[in-house]
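# Summary of structural features
Residue-level listing of the chains:
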Amino acid sequence: MPAQKNRKRLPAPEPLSYPAPAQPAVEHAAVEQISGKALAALLMDPQRNVTVLVISHIPEQQFRIDPHVLAARLGQEARTFMVVNGDETHQLEKGLPSRLHIYGTGARVYPHGERWLERVSRPHLLHRSTALPQLYDTLEHEVLAAQRFNPSRPHTASLPVISPAVVKGFPGEDRALVELLPGGETALIRSEDLLPGIPLDWLVAKGQELTGVLNPATHVLDIKALLRPHPSPVTVYQQGDVALGRVKSVSPRHAWVQLWPGSDFRIGVERISSNDLDSAEDLLTEGEVVRVRVLYENGAVRLSMLDVDDDEPAVRAPALLRGGPPWLEANRPYASIFTTGTAVASPSPQAPLDSGAAGLTGVDLSQQESLLSPAQRRSALQSTQMQLEAARHTIAELLAAAKRQGATDQVARALQDQLKEERRGSGELARELHLVEHQVEVLKTDLAKTREALVQVRRQRRSATSRTESAPEKLFLDPEQQFNFDLLALWARMVPAAEKRLHPLGNFSSSPQFLESWAALTEQQRNKTLRAVVDLVADRQGPLRKREPHVLRLNDGAHAAPTLRGEDVCWRLYVEQGTAGALRLHYWKLQTGGYELHAVVPHDVVKP
């Protein structure tokens, strides 16, 4: 291998968010083509003093990782090599220790310095072109972390120290990269040290400043002291608030939902759907983030998913670490909920998703029927690994026997022939293992897409169940009697039994104009209006404050007079918020006491 040129060491790189350098690339910033055998020799050279980025690609694949983009971003921080998947990656695999190679359409960072074999990150395989920007950022983070590693640091145990740091990025769901202050060295935060199963970007945010206990030997920052104690729901949510929850488990008749880890609540299917024939398993998926209404009934916390509007604002989820982001967000990608290694049954070929699911992800489910089942993949992978290990063990025994016995030339030739045969067999097994691992990676990606599609379908079905049900049966011919009956029924469901004495339905009446505007509403708008009237007539101060009741004035002037009808005053409150043409309720506060419902109008109608 050609000797490495002596290069002057450059200063430590800027923080991870620095822009790509504008100056011309230095000598080794260009992409280098090299054979797999020569690349393996270069990586294993004990004198290597530069980090290496290796990119492989499948020639017939339409999308690939662009090595020139990465070479330009990394500049002098690493040498970038390109290899073709096939014979070259097999030669690279043979020249490296077990499971340190790269294959398919992927990339891998190989650090330099002492004990670099222990610091090689996992291979990054690309399955879709939309993942390229995130992959470029991840590879850049890994190269910079490898460059900032101090090879001269002694590996003997030393005392932990308290160190401030700032979060710079997330190489994976279970790792966060931080920059120590004020020195600028890097360290890792591990999810297993905090809340296993919770992705780290749910606990800390990029750019967040924090303080932890640094282990100088492992360069791991321990921030367990920042974990917040479990709060009580009453300190976070008021009666009727909409909260975000994570589905922990589902059975046909109920589901368990977490408001935060360790705070689990049971929801019966009757509080998930008003359809008696629905199963909770058809409407919810384990790990899904859902919107629930928090109720307090007889001192106990009850959650409900009935009558939760899509436009109704949800209370911000609590942070699990001091200074961290909300642990749940409604717009967070669903795939991030599933952690690597979760055992999930593959969709049955006999019960494929409907065409809506296939359209959401672009996954052709018919093609999955020809793939191996999860049990078959695990069995094939385990069998291949066992055969490969047995072959390696046989090779070691043969070499030891030849050395111990001082075999003659004839015996040595026989042993060499047997060794060559064993190596050929182990090479075939290694290639089979490589193909199985590649297939597993592809199937994991397809499974994540399929599960995300399933969640979308279940959300649509759940929304259809609660939003598009047929109108309730008319029990009265008189519209006012029907409205009063609907209002009484909703009041009975909304107000807990222990609070009905505190919030009885007050005196009210409905004008003909109100009943006419009521008849023109959709079923969903009627449900929202009924809830607003219950809050008003039952004087439910908590929910009523959110509807911002205020006097309807004659004009927009700050000192305009209120709208009067004799001694009665016209008021107005919110029925909807955040939607086009949001509805408002106009009503009269009567001088004799009680209310007269006047009309339900769009928000831009300001006259009674």
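Residues numbered from 1 in each chain as written. Predicted model: local features only at pLDDT ≥ 70, side-chain atom pairs only at ≥ 80, totals over all residues. Heavy atoms only, no water.

## Regarding the sheet that holds strand β15 (residues 300-304)
Across the sheet, which stays open at both edges, the five strands sit in the order β13-β12-β11-β14-β15 with antiparallel pairing between neighbours. Looking at which strands have only one partner, the edges of the open sheet turn out to be β13 (263-268) and β15. Geometrically, the sheet is characterised by an average inter-axis angle of 50° between neighbouring strands, direction not taken into account. (Pairing = 2+ DSSP bridges. Helix = DSSP H or I, 4+ residues; strand = E, 2+ residues; numbered from the N terminus. Axes fitted to C-alpha atoms, helices over the stretch in contact; angles between N-to-C directions.)

## Here's the deal with helix α11 (residues 479-494)
With 16 residues, α11 ought to run about 22 Å at 1.5 Å a step, and its terminal C-alpha atoms sit 22 Å apart, in line with that. Three or more residues of α11 are buried, namely Gln482, Phe483, Asp486, Leu487, Leu490, Trp491 and Met494. Here the buried face of α11 lies against β16 (508-510), α12 (512-519), α13 (523-537) and β21 (595-602). Between a side-chain oxygen at the N-terminus of α11 and the backbone nitrogen of Glu480 the separation is 2.9 Å; the capping residue is Asp478. (Expected span 1.5 Å × (residues − 1). Buried < 20%, exposed > 50% of the residue type's maximum accessible area, 1.4 Å probe, protein only. Contact = heavy atoms within 4.5 Å. Polar contact = N/O pair within 3.5 Å; in protein donor to acceptor, adjacent residues only side chain to side chain.)

## Digging into the pairing of strand β14 (residues 289-297)
Across the nine residues that make up β14, a large majority, seven, are buried. Sheet topology places strand β11 (residues 242-250) next to β14; five bridges connect them, and they run antiparallel. Note that in β14 the partner of Leu244 across the bridge is Arg291. Sheet topology places β14 next to β15; five bridges connect them, and they run antiparallel. Within β15, the residue paired with Tyr296 across the bridge is Val301.

## Structural notes on helix α2 (residues 67-74)
Regarding α2, the residues found buried are Pro67, Leu70, Ala71 and Leu74. Looking straight down α2, one finds its buried side chains confined to an arc of 100°; they lie on one side. The opening residue of α2, the one whose side-chain oxygen lies 3.0 Å from the backbone nitrogen of His68, is Asp66. Phi turns positive, to about 55°, at Gly75, one or two residues after α2. (Arc of directions from axis to C-beta.)

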